[in-house]
Every structure is written in structure tokens, then in C-alpha cells.
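# Architecture at a glance
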Amino acid sequence: MLAPQGGGPSQDELKRVAAHRAVELVRSGMVLGLGTGSTAVHALDRIGALLRTGHLRDVVGIPTSEWAAARAAAAGIPLTDLNAHPVVDLSIDGADEVDPALNLVKGRGGSLLREKMVEGASRRFVVIVDESKLVPRLGASGLAVPVEVIPFGWSLTLRRLRTLFDGVPGFNIKLRTAATNAKASAFDESESKSEPFLTDNKNYIVDLFFEDGIHGDLKLISDDILRITGVIEHGMFLGLASSVIIARKDGVVVVDKAAKPTRLESSSAFIFRSYKLHPRPFVILLTKSQRPAHSSHLISSTQRSLRLRRVKASMGNYVSCTLAGPPGGHARSAKVILPCGRVQRIDGPANAAELMLDAPGHFLVDSRSMHVGRRFAPLSADEDLEMGHVYAMFPMKRVNAVVAAADMAALLMAARKEVRRELGAGARVLPDAAHVSTEVAEGYAPDSEQNAARTSLEEAAEMREFRYRLSMCRSRRPTLETIAEEPICSR
Ligand SMILES: O=C(CO)[C@H](O)[C@H](O)COP(=O)(O)O
């Protein structure tokens, strides 16, 4: 293994490193999706070389563009198509942007439609990028998010797309010319022309530009774009990537979509003392050292005044109070309740993106913002964690969901478990999370109309999921291959 020398590897070297790492996943006999671009070309060349030396046999490739077809043929890779092979074993391709949830923007080279077809038909889609492609949210690089449209009536389609993003600050939209395509993609060497750029499918590309990236629910935005007659496809690849191989100057990082955050350190010790944590008198941490009389008085009066629904509605604060540390104290860390229920302490400055990269497919929320019956308020990727706050991670599929009582119970259980871990069995957190969660699982009187729609069955399922996550957390067996790091080496 060789460390990078001098100024470190060039961007093209990083692309090659990522590509070669991806090609290690290719096996003889596979049907491959062959990507397009200045990164993917390294994979094509490498596959060709391995075929020539006999290290790989019987591989066939489906090119994602005419350009890829030509480059693959030159590299000696036998070609086929989706009609002959509707299921692809492995696709390897570059991307223009990768967000913390492994959503992509592709198509600055103009091949997004075929890319999406081939990569969408793949059992595994491995994305290869250098670190410059990582963004906190799609569109945030300020470069184009492309939409392929039919040439007929293209200006009407463009107007409709413009209307869709009306009022979005800094939004811009342009028909792509051949000249801009050549400029935007490192691999398009065609001469500059002012005519519209024509895709391999003889369509046009309309480019969307977002000054601050795309805010909001990407799935809904995708649906809105695709509903416009005249739009064929767009370059947001949502949930399609299985893994992303990122070549950084200090090494290669492989992020798996289904990864559990195994790289996160386990939480370090928290010091808790007895104090009243909140103006309302029913969340109290009691240590062994507290006087029993005092404790029992507090507990009984607390329990008498405890009304479960109110607790559920504001339990985010309690979770926060339980883990955050003494009120008025100088908070030096933030805490994050991980998807497995463990609590991680963050001692220095960090933003949501850094944590989300470690737990792909999850979003981060400040526990204080959580109220049963209200929607989650996810942190945007570039938002900084505030010291003293307690955050929780939830799977991306819940990003538009309403916070359920089971979510609160799960967080409180995690918080309670952490406290007990630190202080031993003498520490108690009220309300008792186990008690709350049992009621939740057995059926919970809804606080709001939205919540009314949720069945107790769903809530019970959530509790089961959480228990499962906890049990996974307890398991010492690694469940997934996830983030592997190694120094850059020349292969
Ligand atoms: O989507 C693509 C082409 O349509 C490319 O994968 C994307 O533009 C990345 O290209 P490069 O590897 O040259 O940066």
C-alpha cells in the first residue's frame, strides 16, 4: 500500500482508483451495465484488460450510451442489450452528485435515460466517484440537474418545468446546447455548437439549476417532473445506488446503501446527577445516592400527575432532557440516538451530513422538535449540530411521516437504557419508557386527525421494528459489510 505522494493523486487518478475498486466486484459470467463518463471509462478499460489476460471470462456488457458502446468495444468487452438480458448482474457508473442518502444526480454527459434503464434493471449498482461529487443535497453543486424531454414542443415543456419551481430562490432553467454538453462533461469532445444538444435517443435536455440545492421531498419532486407531458426522464437517481465507492485523497471509502453505521464509535460515558430536568415535575433522574424518602415522594406525586397523552405529545423534550446534561450547564457535546438505539456522543463541531453519511438511508431530527401527531422536521444536511441537543436518526422512508407515539417510546427507551448503562439499575427516568411502550403497542388514543389514521397495528409493528433494531444492536455479529477504508494504493 502506498500513501499518496507530493500533492496527492489527481482527480483522474482518484476516478481510476474508485473504478478499479468497483471492478473487483466483477465475476466471470456476469452481465454488466457499462457506465458513461470519464470515471466509468476506467472501469471499461480495466474490465477489458482483465478479459484479455483471462482473469475474467464470459462477461457481456450493456452500454449506457453510444459513447460507452464505442469505448467498451475498443476495450474488447462483448456487448449485448436489455432485450437479451433484462436483468443485469452489476452496473458500474459515475455520477455528478451523491447526497448523504446515496441519491444521485446523473446525466451531465446526457446519457441519463439509458443509464437509468440499465442501472434500474441491475441487481447491484455501484457508483464510482471522487470526493468532489459529494453534496449535502442534490443540486447543491450548483451544476445542472438534467431532464430529458422530447424535442416536439420543448419550449412548452420547459415552461411547465419552470412553473413547477416557481418561487424557488435562485432557480434557473436552460435548454442544453451541444456546446454546454461538451463543456459540462469531461468526456464529450464534440465541437462546440449552439444547436440543442441531442441525446442518443434524439431528445433534448433541459437543465435545472438550484442555487442552494433541491429542498423538499425528492420523490414528490420527481413525480411532479415526470407527470409533465413531454418529459421523458430526469437525472435524479433516487434509491437506485447499492453502493458508492468514493476515492478520497486519503483513501477509498465504500458506503453501502443498507449499511449500519458500524464506523460510528460507541458512546462515551455521560455523567448524570439528580436534578429536576424540566419545569414540569415528572421527568426526574434518580441515582442510588438519592434519599429514598425524597425519591419516593417525587415518584409518587409524579405518577399521580402524569397524563400519558401529554407526555407522549411532548416527549421529545423529555428524551432531550434525559440525555442532554444539566440545565444551564455548559454543554460540550451533542448526542445522537442511532438507528440501533445506541447513543453516540459528538464532542466537536459536526453537521447532519457527516452523520448521515455514516448512516445512509437515514435522516436526522432534533428530539425537541418531535411531537406525536406532527410531521418529522428533518435537519438539512448542512445544518450544524448544537451542543447540548439530542438528535435521533430515522429511516428515510419515514421522512414525510407523522411522529408516532411508538417513536417517542423508542427514543425514551434508548435514553433510559443509556442512563442505566452509565449509572446502574438505581437510575430511573420517568415516565417509565417500558410502561409507555407497552401502552403504545397495545393501542394508543390518537392525539390528532393524522394520528387517528394510524392503526395500533402499525404502531405495534413500529415497536417490533425498534425492538429488532435494539436486538441487532446487541448482537456482536457484524450484519453487513459496510464502510471500509484503505489508503490510496496503486494497483
Ligand atoms: O451521468 C453521466 C453521464 O450521463 C456520468 O456518469 C456523470 O456525468 C459523471 O461523469 P464523470 O465520471 O465524467 O464525472
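Predicted model only: the values in this text are computed from it and were never measured. (Residues numbered from 1 in each chain as written. Predicted model: local features only at pLDDT ≥ 70, side-chain atom pairs only at ≥ 80, totals over all residues. Heavy atoms only, no water.)

Right, let's get into the pairing of strand 2 (residues 60-63). Where a strand is regular, its side chains alternate between the two sheet faces. Looking at chain direction, strand 1 (residues 31-34) and strand 2 are connected through four bridges and run parallel. Opposite leucine 34, over in strand 2, you have proline 63 as the bridge partner. Viewed along the sheet, the connection from strand 1 through helix 2 (residues 40-52) into strand 2 turns out right-handed. (Pairing = 2+ DSSP bridges. Helix = DSSP H or I, 4+ residues; strand = E, 2+ residues; numbered from the N terminus. Right-handed = clockwise from strand over helix to strand, strands pointing away.)

We now examine the packing of helix 1 (residues 11-23) against helix 2. It is the contact of helix 1 with helix 2, at a shortest axis distance of 8 Å, that shows an interaxial angle of 50 degrees. Our classification of the angle between helix 1 and helix 2 gives oblique. Here the hand of the crossing between helix 1 and helix 2 comes out right-handed. Along the contact surface, helix 1 presents Asp12, Lys15, Arg16, Ala19, His20 and Val23, while helix 2 presents His42, Ala43, Arg46, Ile47 and Leu50. Residues of the contact of helix 1 with helix 2, tallied by class, amount to five nonpolar, two polar and four charged. (Axes fitted to C-alpha atoms, helices over the stretch in contact; angles between N-to-C directions. Parallel < 35°, antiparallel > 145°, perpendicular 65-115°, else oblique. Left-handed = near helix turned anticlockwise from the far one by under 90°. Contact = heavy atoms within 4.5 Å. Nonpolar A, V, L, I, M, F, W, Y, C, P; charged D, E, K, R; others polar.)

A word on the site of the ligand. Lining the immediate environment of the ligand, one finds 18 residues, of which Ser38, Thr39, Asp96, Lys106 and Lys133 sit closest. Note that an oxygen atom of the ligand is positioned 2.5 Å from one of the side-chain N or O atoms of serine 38. Between the ligand and serine 111 there is a distance of 3.1 Å, counted from an oxygen atom to a backbone nitrogen or oxygen. (Near = heavy atom within 4 Å. Polar contact = N/O pair within 3.5 Å; in protein donor to acceptor, adjacent residues only side chain to side chain.)

So, on to the pattern of salt bridges. This structure, assessed with the given rule, holds 15 salt bridges. Among the ionic pairs, arginine 123 bridges to aspartate 89, the shortest N-O distance being 2.5 Å. On the criterion of sequence distance, the pair formed by arginine 123 in strand 6 (residues 122-130) and aspartate 89 in strand 3 (residues 88-93) is long-range, its members being 34 residues apart. In this structure, aspartate 93 engages lysine 106 in a salt bridge whose closest nitrogen and oxygen atoms are separated by 2.9 Å. With aspartate 93 in strand 3 and lysine 106 in the loop between strand 5 (104-105) and helix 4 (112-120), this residue pair connects regions lying 13 residues apart in the sequence. Salt bridges sharing partners connect three or more residues here, namely Asp93, Lys106 and Glu115. (Salt bridge = Lys/Arg side-chain N within 4 Å of Asp/Glu carboxyl O.)

Before going further, it helps to spend a moment on the sheet that holds strand 5. Read across the open sheet, the three strands follow the order 4-5-11; overall the sheet is antiparallel. Each having just a single partner strand, strand 4 (97-98) and strand 11 (236-237) make up the two edges of the open sheet. Two elements, strand 4 and strand 5, share two bridges in a ladder whose sense is antiparallel. What sits directly across from glutamate 97, in strand 5, is valine 105.

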